[in-house]
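# Observations on the three-dimensional arrangement
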Amino acid sequence: MVLPRFSRALATGIAVAALALGTLTTSSAVAAPADDAPAGDVSVQTTVRPSLVLDRDFPDPDVSKFGNTYYAYATNQGKNLPWASAPDPDGPWTFQSTDALPTLGAWAKTGRTWAPDVSQRADGKYLLYYTAWHNASGRQCIGAALADSPGGPFAPVGSEPLICPLGDGGAIDASSFVDSDGTRYILWKNDGNAIGATTWIHVQRVASDGITFQGGAAQVLRNDRADEAGIIEAPVVTKVDGKYVLFYSAGPYSTNSYGTNYAVASSITGPYTKAFRFLMTTDSLDGAVAGPGGADVLRDSGGDKLIFHGHRDAGGRGMYVADLGWAGSNPVVRGSRVRYEAERGTLNNCSVRENAAGASDGKVAAYIDHADSSVDIGAIYVPTSGSYTLHVGYANGSAETASHTVTVNGTSAGSISYPITGWDNWQQVSKDITLQAGWNTIRLGKGTAFTELDYIEVA
């Protein structure tokens with residue numbers, strides 16, 4: 001039964017224009033294609049997804065540009081340090097036959113050499129951080145190695161691990177960061193998951209050699225959210241707009257629940273605030289990549305990229321590349337949905353309805369009933385110009401299919417239709433749109449019949 005719309009109590013208050021960045025973290029209602037698109041026809045959606053640039057098992061990719069060549073390093077797969085090279089981050093990538101780390105440190109044994117990080121020091125040497133199997137304890141610890149060339153061979157530094165807090169489960173997933181003033185840091189995770197203890201992401205200042213510690217390590221992020229399933233790892237930090245943006249992976253890496261999130265701070269040592277929604281999940285990518293994680297950030301003159309792994313149908317985890325942009329200090333990955341709450345937009349001759357059962361954040365834009373009623377959702381940031389897909393969360397309690405007009409940056413983009421759902425039965429429709437690189441505004445205006453708006457997502 002369709003409830004008459006006038007039976008609802010009018011919500012009070014007008015929403016201020018605000019941005020709710022973050023990607024979809026849970027499976028949403030199946031999207032009904034908009035307008036005349038046949039149901040289930042995903043070919044009409046022109047979202048540009050991340051590219052599988054290395055279609056082989058290449059987990060936990062670390063990518064840097066040295067000279068005019070891009071180098072990628074991965075978790076062991078028959079070699080201690082597999083690597084590949086390319087003239088461009090989008091490829092073509094060439095998997096190299098050599099082992100860039102032919103010999104581990106005396107403290108380590110082969111079989112579990114994980115999550116490498118390679119950077120260049122001020123003296124021109126190439127510094128490798130690697131995780132390996134600690135002989136004496138059986139835990140994972142972090143070692144260092146040096147080479148004269150980014151392709152190795154890297155030679156281990158010292159006879160003991162660089163970081164090995166056995167009482168905290170060991171250490172994994174080191175990454176390097178050089179601040180704008182030249183100060184160098186190493187980030188890592190204590191492997192609390194190995195012993196049922198708390199997992200922390202640590203930040204440790206080091207000398208210019210990358211291996212001499214200066215002061216103690218700061219604990220900056222821990223596994224404290226339900227959607228992380230007790231696991232956070234693979235920290236990588238970059239600096240944007242004066243803020244420190246720390247990317248991390250969460251969840252069990254072997255499942256499709258593995259994903260990538262980020263946290264932002266004004267200081268390298270925190271405090272960090274985690275994004276409300278994950279940056280990338282299997283769902284936010286609409287299944288185009290399964291278990292997107294182990295991410296690395298490539299800040300490049302040709303455009304920033306996020307490089308990460310995802311599960312392959314053939315087995316193992318391949319290397320993917322996606323365009324990366326910055327909405328202030330908030331990262332946006334092309335192809336991964338970003339959600340904007342409709343009630344936080346600019347509402348023109350309509351209003352917010354609170355306590356909307358089942359709606360995202362419990363509020364919606366309602367009473368878009370008049371000829372001049374509209375919802376403007378601005379501050380929509382995309383990294384590159386081109387085709388995107390607009391997904392609209394809605395409920396239509398009218399007695400007929402409803403619609404809204406769609407305007408992008410002041411230009412008409414047609415309309416979007418909403419099948420009947422009943423009130424508070426939140427569903428989704430989709431429409432292809434064209435956006436410009438940088439900031440955009442989308443307006444949904446009064447069309448036919450009546451629909452309430454929960455959110456929009458752009459991918």
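The structure we're discussing is the one just above.
Residues numbered from 1 in each chain as written. Predicted model: local features only at pLDDT ≥ 70, side-chain atom pairs only at ≥ 80, totals over all residues. Heavy atoms only, no water.

Under the definition given, this model contains 11 aromatic pairs. Here the aromatic rings of Phe-308 and Tyr-320 are separated by 5.9 Å at their centres, their planes lie at 15°, and the arrangement is stacked. Here Phe-308 is found in strand β20 (residues 305–311), whereas its partner Tyr-320 is found in strand β21 (residues 317–327), with 12 residues between them in sequence. The exposure class of Phe-308 is buried, given its relative accessible area of 0%. (Phe/Tyr/Trp six-rings, centres within 6.5 Å; stacked < 30°, edge-to-face > 60°. Helix = DSSP H or I, 4+ residues; strand = E, 2+ residues; numbered from the N terminus. Buried < 20%, exposed > 50% of the residue type's maximum accessible area, 1.4 Å probe, protein only.)

Let us now look at the nonpolar core. If you look at the biggest cluster of nonpolar residues, it comprises 33 residues, and the most contacted ones within it are Val-392, Tyr-418, Ile-442, Leu-453, Ile-456 and Val-458. Within the residue set of this core, elements represented by two or more residues are β23 (338–341), β27 (374–382), β28 (386–395), β29 (402–408), β30 (411–418), β31 (427–435), β32 (438–446) and β33 (452–458). Not counting residues within four places of it along the chain, the set of residues in contact with Val-392 comprises Ile-416, Tyr-418, Gln-427, Gln-428, Val-429, Leu-444, Leu-453, Tyr-455 and Ile-456. In this structure, Val-240, Val-289, Leu-306 and Tyr-320 belong to the second largest nonpolar core, which totals 20 residues. (Core = buried A, V, L, I, M, F, W, Y, C linked by side-chain atoms within 4.5 Å. Contact = heavy atoms within 4.5 Å.)

What follows concerns the sheet that holds strand β13 (residues 200–206). Taken together, the 4 strands give an open sheet; going across it, the order is β11-β12-β13-β14, and neighbouring strands pair in antiparallel fashion. A single partner strand is all that each edge strand has here, and the edge strands are β11 (171–178) and β14 (218–222). Averaged over all pairs of adjacent strands, the angle between their axes in this sheet comes to 25°, without regard to strand direction. Pairing of β13 with β14 involves 4 bridges; the strand directions are antiparallel. Among the inter-strand pairings, His-202 is bridged to a residue of β14, identified as Gln-219. (Pairing = 2+ DSSP bridges. Axes fitted to C-alpha atoms, helices over the stretch in contact; angles between N-to-C directions.)

Let us look at the environment of Gly-230. As for its position among the elements, Gly-230 is in the loop between β14 and β15 (232–240). On the accessibility criterion, Gly-230 (28% relative accessible area) is partly exposed.

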